[in-house]
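Okay, here's what each chain looks like letter by letter:
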Amino acid sequence: MIHHILARKSVFSRKAAGSREDIQIVAANIDTVFICMSLNNDFNLRRLERYLSISWDSGALPVIVLTKSDVCKEIETRLKEISSIAIGVDVLVTTSTSDEGYHSLKGYLSNGKTAAFIGSSGVGKSTLINCLIGQTILDTSGIRNDDKGRHTTTRRELIVLPDSGVVIDTPGMREIGVFRADLTKSFADIDELASSCRFNDCTHNSEPDCAVQKAIQEGTLSAERLESYWKLKRETKYDALNSKMIEKEKINHMFSSMGGMKNARKFIKEQNRKKRR
């Protein structure tokens with residue numbers, strides 16, 4: 001018998017792929033989210049912003065893991081680009097081609113701790129986990145001719161590491177639909193700039209004395225990052241409103257199937273009476 005269900009201490013979720021309005025729980029009760037992105041054609045700052053927004057909202061600590069550093073000749077440039085959007089987030093540079101190339105991950109793994117590896121297909125999540133385990137237990141694949149990764153992992157799998165906690169391998173995400181996101185942390189630089197605007201409700205579009213637009217003109221903030229900020233904000237607002245509408249429709253359907261408002265009121269009174277008991 002189930003006597004009690006413990007509340008989740010963290011949950012990494014996303015909007016389900018496709019046109020459905022469902023929410024997909026990727027991993028729960030995790031301490032660290034390893035956001036994996038390879039240093040080849042998979043490198044994408046706008047997608048990384050999405051991952052960070054969802055990760056901060058999950059309640060777990062996000063850590064950016066750059067993979068395949070052995071194929072990148074512009075590592076310092078990439079790190080500089082990431083530092084402009086990943087405020088307060090640790091960035092690890094890794095490779096599976098050397099014994100020392102993945103040891104930086106071990107500082108975030110310990111007994112009693114759980115970490116989830118998140119990222120696109122073929123970025124090397126399973127390969128890194130195999131390195132941490134010390135043997136090949138997860139299937140891996142090489143990259144395609146266009147330098148993109150192959151979709152190899154098809155299910156989520158929880159693995160206990162020898163004397164260093166638990167890791168979760170997840171399938172590559174082709175879509176990163178955002179339902180809930182913490183933009184105050186993932187876009188802390190824009191919020192800080194906005195506090196210096198003349199108007200509290202500044203849209204950062206054409207208002208005078210807009211600190212955000214001034215930063216774009218001075219080159220300290222990119223116009224693409226501001227557009228990404230507004231896009232995510234619109235997306236989360238739309239999904240929140242849509243979720244309320246769906247819930248309202250469910251309630252209306254329940255009431256109509258019960259024979260109208262008279263029976264609905266009777267149902268609500270009965271539920272309240274049971275709660276008082």
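The coordinates are above.
Residues numbered from 1 in each chain as written. Predicted model: local features only at pLDDT ≥ 70, side-chain atom pairs only at ≥ 80, totals over all residues. Heavy atoms only, no water.

Caption draft 1: Here's a closer look at the overall build of the chain. If you tally the helices and strands in the chain, you get eight helices and eight strands. Each of the 277 residues in the chain was classed as buried or not, and the buried ones make up 40%. In the chain, the proportion of contacts linking residues at least 24 apart, taken out of those at least 6 apart, comes to 64%. (Helix = DSSP H or I, 4+ residues; strand = E, 2+ residues; numbered from the N terminus. Buried < 20%, exposed > 50% of the residue type's maximum accessible area, 1.4 Å probe, protein only. Contact = heavy atoms within 4.5 Å.)

Caption draft 2: Summary view of the environment of Ile87. Looking at the secondary structure, you find Ile87 in the loop between helix 2 (75-83) and strand 5 (90-93). For Ile87, a relative accessible area of 34% gives the class partly exposed. Along the primary structure Ile87 and Ser186 are separated by 99 residues, whereas in three dimensions their C-alpha atoms are 7.0 Å apart. In this view, Ile87 contacts Trp56, Asp189 and Arg225; residues no more than four positions away in its chain are not counted.

Caption draft 3: Seen up close, the pairing of strand 8 (residues 166-169). Here strand 8 shows a buried face lined by Val166 and Ile168 and a second buried face lined by Val167 and Asp169. Pairing of strand 6 (residues 114-119) with strand 8, which is carried by four bridges, proceeds in the parallel orientation. Residue pairing across strands places Ala115 opposite Val167, the latter belonging to strand 8. By the bridge criterion, four bridges tie strand 7 (residues 157-160) to strand 8 in an arrangement that is antiparallel. Its bridge partner lying in strand 8, Ile159 is registered against Val167. Linking strand 7 back to strand 8 in an antiparallel pair, the connection comprises five residues, with Asp163 at a positive phi of about 60°. (Pairing = 2+ DSSP bridges.)

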